[in-house]
Amino acid sequence: MAGPSAAKLGAVRTLIESAPDQALRSLANALSAATAGPMSLVRDLVDGERREREFRADVFAPVLPLFLPAADAIEGPRFAPSALRRLWSELKAREALLIDTAAEARLDWDREREPEIVPFNALTQAAAALVRAEPALILGDGGASAAESLASYLDLAPLARQLLRRLPEWLGKATDERIIALKVLFKDATAISVDATPRLLEIVVAHLPEPWLVLRLISVLTDRASDRYLAASELAVFGQRLLAAVDKRVERVRAFDAQTGKAGAMVVAGDVIAACACMAEFEQTIELSRDGPWGAKVIAARKSLAANVESRLRDVESTVAQALPLQNVRISGRMTRPAPKIATGPDAKLVERARGLLVLLEQSRTGAAAGGYGALRKQVTEKVAERLNVYADEVLHLLNAGEAPDEERAQAYVEIAAEFLSYTEGPAAAQIVRRRAAVAGERSQDVA
């Protein structure tokens, strides 16, 4: 059978080159078994593209996140992924010797022991020159301003490579040696460009999964300056963005719909934890004033976050009561007591709503002390856990006494109570209830 024509292969190659990384990985997995025929040619194209991207990623590693969507709520400079593809393509065509030298050096590259490769830095410098020389070719209609911005980041790539290699220690304990080394590196950066400090910090932020940690570097570089000083400096943008991101997270907490269940609660809990961590970092690294430009905002954000989280936590007990309802049963004369209402099956919507709030209750534990809602959270957790234990005991008693109107339905309520207990007391408490349920009712009689 004849293989695909050169035109068709060219079209396939174009599609592969423009495919997102995730799509390329999925395609590689799907074609892994193709060892012959036309599809093996496509597999080879995919494998070649993946190797090419890995090479490109190593060369542009310091600035690579600037070509990717921001993973957090923090805004920052970003360039189109297509610009990186065009830049790499032009470098391969114009700087073949540098490309070959870098590829050869990469073969023996020990990523753990060798922090940088000279040919990589030479390629990023060549890339900066190319962007300045032909901005329209690389950025399309991006304009001269965007081209100069990109070129300026590429100028700093060699220093950024050094900075990122030592970033974990600089984010750790600020020893005298580390402080001096960090300041020397940033001084070297300002020799390249007068505005290098914020640009180098932008590169750091783009690499950080917790972007507020950049405040530690800012604190070291400015000898723990006050918020008034920083808010009027060239570094003001970092504090402004971080505080704006906290406000966005607080708003998402306020707008949280418990009906989104566990998935929605996990997202919002992540917002709570991140907002708390960010505010704590401000307080630990920056000299804040209560009425200062950043200090006042941190105080206001913490109050707003605590109020919104507490508003959600106050709904937990009543929502759990709706998902696991009680009814009054007569015990003697006019005397009644509350007992599980299991004549009908669980309401899926009410259960999902309770699950969402309970997951938020559990997951928000991490930021409770810093967020100012710790006391209420503890109180709610204890009350709900007590109620769930009593509820599970009551249903299990009905099962063992043969008084449950429907054993399967009763077991469903016990399972819900066990799951809810896992959010308030942990997996061990839930496992105890499940073990008791496994031998309750007719099953325990059968075993006997």
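Residues numbered from 1 in each chain as written. Predicted model: local features only at pLDDT ≥ 70, side-chain atom pairs only at ≥ 80, totals over all residues. Heavy atoms only, no water.

1. What to know about the pattern of salt bridges
(1) Moving on: On inspection of all chains with the given rule, the structure shows 26 salt bridges.
(2) Moving on: With a closest N to O distance of 3.2 Å, R199 and D195 form a salt bridge.
(3) Moving on: Under the relative-accessibility criterion, R199 is labelled buried at 17%.
(4) Moving on: Residue E283 is joined to R302 by a salt bridge in which the shortest nitrogen-to-oxygen separation is 2.7 Å. Placement of E283 in helix α16 (residues 261–285) and of R302 in helix α17 (residues 295–313) is noted, with a sequence separation of 19 residues between them.
(5) Moving on: One salt-bridge network, in which partners are shared between bridges, spans R166, E169, E177 and R178. (Salt bridge = Lys/Arg side-chain N within 4 Å of Asp/Glu carboxyl O. Buried < 20%, exposed > 50% of the residue type's maximum accessible area, 1.4 Å probe, protein only. Helix = DSSP H or I, 4+ residues; strand = E, 2+ residues; numbered from the N terminus.)

2. A closer look at the packing of helix α9 (residues 157–165) against helix α11 (residues 176–192)
(1) Moving on: Where α9 contacts α11, the two axes come as close as 10 Å, and the packing angle between them is 165°. One way to sum up the angle between α9 and α11 is to call them roughly antiparallel. In this structure, the crossing between α9 and α11 has a hand that is left-handed. Counted together, L159, Q162 and L163 of α9 and L182, L185, F186, D188, A189 and I192 of α11 form the full contact between these two elements.
(2) Moving on: A breakdown of the residues in the contact of α9 with α11 according to their chemical character gives seven nonpolar, one polar and one charged. (Axes fitted to C-alpha atoms, helices over the stretch in contact; angles between N-to-C directions. Parallel < 35°, antiparallel > 145°, perpendicular 65-115°, else oblique. Left-handed = near helix turned anticlockwise from the far one by under 90°. Contact = heavy atoms within 4.5 Å. Nonpolar A, V, L, I, M, F, W, Y, C, P; charged D, E, K, R; others polar.)

3. Digging into the confidence of the model for the protein chain
(1) Moving on: Per-residue confidence for the protein chain gives a mean pLDDT of 89; residues scoring 70 or more make up 87%.
(2) Moving on: Across residues 444–448 the pLDDT falls below 50, and counting only partners more than four positions away or on other chains, this stretch makes three contacts in the model. (pLDDT = per-residue confidence, 0-100.)

4. Some details on the side chain of E202
(1) Moving on: Its place among the elements puts E202 in helix α12 (residues 196–207).
(2) Moving on: Relative accessible area serves as the criterion here: at 8%, E202 is assigned to the buried category.
(3) Moving on: When residues no more than four places from it in sequence are discounted, the contact partners of E202 are G76, P77, Y153, V237, F238 and R241.

5. Topic: the packing of helix α21 (residues 374–400) against helix α22 (residues 407–424)
(1) Moving on: For the pair α21 and α22, interaxial distance at closest approach is 9 Å and the crossing angle is 155°. In terms of axis orientation, α21 runs roughly antiparallel to α22. The interaxial crossing formed by α21 with α22 has left-handed handedness. For the pair α21 and α22, the contacting residues are T381, V384, A385, L388, N389, Y391, A392, V395, L396 and L399 in the first and E407, A410, Q411, Y413, V414, A417, F420, L421 and T424 in the second.
(2) Moving on: In the contact of α21 with α22, the residues fall into 14 nonpolar, four polar and one charged.

6. Description of the environment of L87
(1) Moving on: Turning to its location among the elements, L87 is positioned in helix α4 (residues 81–94).
(2) Moving on: Residue classification places L87 among the buried positions, given a relative accessible area of 0%.
(3) Moving on: Linking L87 and V131, residues 44 residues apart in sequence, is a C-alpha distance of 7.8 Å.
(4) Moving on: Leaving out residues up to four positions away in the same chain, L87 has contacts with F60, A127, L130, V131, I138 and L154.

7. Here's the deal with unusual backbone geometry
(1) Moving on: Phi at D223 is positive, roughly 55°, even though this residue is not glycine.
(2) Moving on: Here D223 is to be found in the loop between α13 (214–221) and α14 (227–231).
(3) Moving on: Overall, D223 belongs to the exposed group, its relative accessible area being 59%.
(4) Moving on: A positive phi angle is found at R224, which is not glycine, with a value near 50°.

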